[in-house]
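A structural walkthrough
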Amino acid sequence: MELDSMNRKVIAQMENSLLGTTTTGKGKVDKTVNQKLTVMRLTQEIEDTKRRVDDSKLKLTAEIRLRHQAETELKSLRSESTAKKANVTLTESQQLVALGSSQNVYMSQHMHEAPN
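Presented here is an overview of the structure given in this document. (Residues numbered from 1 in each chain as written. Predicted model: local features only at pLDDT ≥ 70, side-chain atom pairs only at ≥ 80, totals over all residues. Heavy atoms only, no water.)

**A word on the pattern of salt bridges**
Close approach of charged atoms lets side chains of opposite charge pair. Applying the stated criterion across every chain yields a total of 3 salt bridges. Between Arg67 and Glu71 there is a salt bridge; the shortest N-O distance is 3.3 Å. Of this pair, Arg67 and Glu71 are both found in helix H2 (residues 31-113), 4 residues apart, which corresponds to roughly one turn of the helix. Owing to a relative accessible area of 59%, Arg67 belongs among the exposed residues under this scheme. (Salt bridge = Lys/Arg side-chain N within 4 Å of Asp/Glu carboxyl O. Helix = DSSP H or I, 4+ residues; strand = E, 2+ residues; numbered from the N terminus. Buried < 20%, exposed > 50% of the residue type's maximum accessible area, 1.4 Å probe, protein only.)

**Section: the side chain of Gln44**
When you line up the elements, Gln44 lands in helix H2. Discounting chain neighbours no more than four positions away, the residues touching Gln44 are Asp4, Asn7, Ile11 and Arg51. (Contact = heavy atoms within 4.5 Å.)

**Observations concerning the environment of Leu37**
Structurally, Leu37 is set in helix H2. A residue is classified by how much of its surface remains accessible, and Leu37, at 2% relative accessible area, is buried. For Leu37 and Ala12, which are 25 residues apart along the polypeptide, the C-alpha to C-alpha distance reads 9.3 Å.

**What about the side chain of Asp48?**
Its place among the elements puts Asp48 in helix H2. When near neighbours in sequence (up to four residues on either side) are disregarded, Asp48 contacts Asp4 and Arg8.

Structure, rendered in C-alpha cells:
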C-alpha cells in the first residue's frame, strides 16, 4: 500500500512538472505530454486492479477451503449422530426384549404355582 501511495505522489509530481514546463503560448498542454500522463495513470489503475483481483482470489480460495472443511465436518457429525441414534434404538429394543422375557418367565413361574 505504501508503494501505491508513493507511486501516486510521483505521478502527481510528474504531472505538475510536465504541466509547468510544456505549456504553449496559449496555455494548452502538449498532446504527447497529455497522452503520457494518461498512460501513466491507466498503468497505475491496471496495477491496482490486478492487485485487488489477486487479493480477491486469495480470499475466495480461503473461503472455499473453509466451506469444504465445514461440509466435511457436517457430514461427519451427521454420520456420527445417525450412528448414535441407531445405537440408542438398538439398546432400547434390547431392553424391551429383555423386559418382555423377564415378564414371561415371571408369568410362567406364577401360573404353574397358582392351581394348587
